[in-house]
Amino acid sequence: MMPAELVCFEEKCRARYPITEVIYNCPQCGGLLEAAYDPPEQSALMLKRIWRERRTSNAPLDQSGVWRYRELIPFLSTYNCVVTLREGNTPLLESRQAAQYGGLDRLVFKHQGFNPTGSFKDNGMTCGAAQALRLGMTRVACVSTGNTSASMAAYASAAGLQPIIFIPHGNISYGKLAQALEYGARTLQVEANFDQILALVRKLAERLGIYLLNSINPFRIEGQKTIMAELLDQREWRAPDWIVLPGGNLGNTSAFGKALREMKELGLIDRLPRLAVIQAEGSAPFYELMRHRRRTRLPAVEHPETLATAIKIGDPVSWPKALHEVTTSEGVVEKVSEQEIADAKAVIGRSGIGCEPASAATLAGIRKLTAAGIMAADSDVVAVLTGHVLKDPDYIYRYHTGELKAPDGSPIASHLGNQPLVVQNDADAIARIIGS
Ligand SMILES: *Cc1c(COP(=O)(O)O)cnc(C)c1O
């Protein structure tokens, strides 16, 4: 087994810690932490063969789209603490309509909504839960109203850990909260805002021995790396020109960039795809950061706004990592409006694919990037759809019936609306309607 360590991400610091230390930031400089390893013993060719063979295996570890690629994430010393719900294993889906809408000849989606709890958070959570068990923890916590809670609740309960979710009082997204309740999470609504609750939970975590599975947790990032490994495996290791993804807390941007760099170093791919990170206009601090020449401080958004709640984040924790990855890959950051997200989402829906609002930012972003000449029409592009269409049914109904309003109260036009019709119990009348 390869020795693994936690390393401070800050260039000036790079302090190293044992992989079993319960820390979330560098104790010396406060920087982000990342898992680091010696390279695997196997050659790139050998790894590709092993991973492909595991697809025919009935062993739970091999059936997981995360642990199948365990040579890329060797932070555990044994695998007996792994709990898998068969996360990952998500398809590549091509859409002609979406390609045309986005100004591309071809477009393929990697749909992470096919995960057990309906989002890519599962790829990371199976790793976070495994690390919690390995550390001998009995309780895990996160601050989230969204897909993180849904995923953490499922994986913690499956692993016999107690999940505890902290949410700001009165700020609830029901689809995702419902999952958390069903999966057995202790759910605490606190009379405070997100940042205050985070500070509170950090204090409590230390006092009560609770392991934090917030997006800063470096083991979740490791799990999310396998989204890129699986994608490339599915493409016979041909790197695309672009990988497009929505940016919220920027954990996924960090994970994808790290995965691609590591896979290039191991000789699994011969070039780095460019990352295109798409943010919502009302919640676009990373977009603003990239516009500045001196990128030393994130211009945090105090009151982030967007209906795409999964990317409604004003002060993304992983921005230093994301900045490094977007720069290294010669990537770009774009922002899109509420109207653009809503219409792009309807196009993805009409393709028979569907996704939640945050995911649709990808197609809206592609449309802008091709129009601006930044992304060529004949580029080889994969857009990552991060969450399942049923995560936010209220949004969908409102869009199609022309009732959707942006956070500032302005109406969102139902350009691709699909209204349900009320009809009489009359065969002739109905025949006239559907026949015409
Ligand atoms: C968490 C999430 C995002 C944002 O990902 P980050 O890693 O926070 O940038 C986007 N879409 C969905 C569906 C999510 O659940």
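What counts and how
- Counting of residues starts from 1 at the beginning of each chain's written sequence and follows it residue by residue.
- Confidence filtering applies because this is a predicted model: local features only for residues at pLDDT of at least 70, side-chain atom pairs given and counted only at 80 or more, and all residues used for totals across whole chains, interfaces and linings.
- Water and hydrogen atoms play no part in the side-chain values, which are based on all heavy atoms of the structure.
- Among buried residues, the Ala, Val, Leu, Ile, Met, Phe, Trp, Tyr and Cys ones that are joined through side-chain atoms within 4.5 Å form a nonpolar core.
- Only protein chains enter the area calculation, which uses a 1.4 Å probe; residues under 20% of their type maximum are buried, those over 50% are exposed, and those in between are partly exposed.
- Contacts between residues were defined by any pair of non-hydrogen atoms, one from each residue, lying within 4.5 Å.
- The term salt bridge refers to a pairing of a side-chain nitrogen on Lys or Arg with a carboxyl oxygen on Asp or Glu at a separation within 4 Å.
- Only DSSP runs of H or I covering at least 4 residues are called helices, and only runs of E covering at least 2 are called strands; the numbering of each starts at the N terminus.
- How far each domain reaches was decided by an automatic or database domain assignment.
- The term buried area refers to how much accessible surface (probe radius 1.4 Å) is lost by two components on association, counted for both of them together.
- Residues are grouped as follows: Ala, Val, Leu, Ile, Met, Phe, Trp, Tyr, Cys and Pro are nonpolar; Asp, Glu, Lys and Arg are charged; every other residue, Gly included, is polar.
- Angular values range over 0 to 180 degrees, each being the angle between N-to-C directions of two axes fitted as lines to C-alpha atoms, with helices fitted over their stretch in contact.
- Between 65 and 115 degrees an angle is taken as roughly perpendicular, under 35 as roughly parallel, over 145 as roughly antiparallel, and anywhere else as oblique.
- Pairing between strands requires that DSSP locate at least two bridges from one strand to the other.

Moving on: the nonpolar core. Counting 58 residues, the largest nonpolar core has Trp 67, Phe 75, Val 140, Ile 165, Phe 166 and Tyr 211 as the members making the most contacts within it. Leave out the neighbours within four places in its chain, and Ile 165 touches Cys 142, Ser 144, Ser 149, Met 152, Ala 153, Ala 180, Ala 185, Arg 186, Thr 187 and Leu 188. Counting residues in each nonpolar core, the second largest holds 41 residues, with Ala 99, Trp 242, Ile 278 and Leu 307 among its members.

Bringing the pattern of salt bridges into the picture now. A side chain with one charge may pair with a side chain of the opposite charge, provided their charged atoms come close. Under the criterion given, the structure shown has 24 salt bridges. Linking Arg 14 and Glu 34 is a salt bridge whose minimum nitrogen-to-oxygen distance equals 3.2 Å. You can see Arg 14 sitting in the loop between strand 1 (4-8) and strand 2 (16-18) and its partner Glu 34 sitting in strand 3 (residues 33-37), a full 20 residues away along the chain. Under the relative-accessibility criterion, Arg 14 is labelled partly exposed at 34%. In this structure, the salt-bridge partner of Glu 222 is Lys 225, at a minimum N-O distance of 2.6 Å. Here Lys 225 and Glu 222 lie together in helix 8 (residues 218-234), a separation of 3 residues that amounts to about one turn. Residue Glu 222 shares its accessibility class with Lys 225, and that shared class is buried.

Along its sequence, the protein is organised into domain 1 (1-38) and domain 2 (92-118 + 223-400). Each partner contributes to the interface: domain 1 provides 7 residues, whereas domain 2 provides 7 residues. Interface area lost by domain 1 to domain 2 is led by Phe 9, Leu 32 and Glu 34, which between them contribute 70%. Between domain 1 and domain 2 we count 0 salt bridges in total. A class-by-class count of the residues in the side of domain 1 that touches domain 2 yields 5 nonpolar, no polar and 2 charged.

At their nearest, the axes of helix 12 (residues 338-350) and helix 13 (residues 357-371) sit 7 Å apart, and the two run at 100° to each other. Considering the angle they form, helix 12 stands roughly perpendicular to helix 13. For the pair helix 12 and helix 13, contact is made by Glu 340, Ile 341, Ala 344, Lys 345, Val 347 and Ile 348 and by Pro 357, Ala 360, Ala 361, Leu 363, Ala 364 and Lys 368, respectively. For the contact of helix 12 with helix 13, the residue count by class is 9 nonpolar, no polar and 3 charged.

Another point: the sheet that holds strand 11 (residues 274-280). Taken in spatial order, the 6 strands line up as 4-5-13-10-11-12 in an open sheet, and their pairing is mixed. Of all the strands in the sheet, the pair left with one neighbour each is strand 4 (92-94) and strand 12 (332-336). Averaged over neighbouring strand pairs, the angle between their axes works out to 25° when direction is ignored. Relative to strand 13 (residues 381-385), strand 10 (residues 242-246) is paired through 3 bridges, and the arrangement is parallel.

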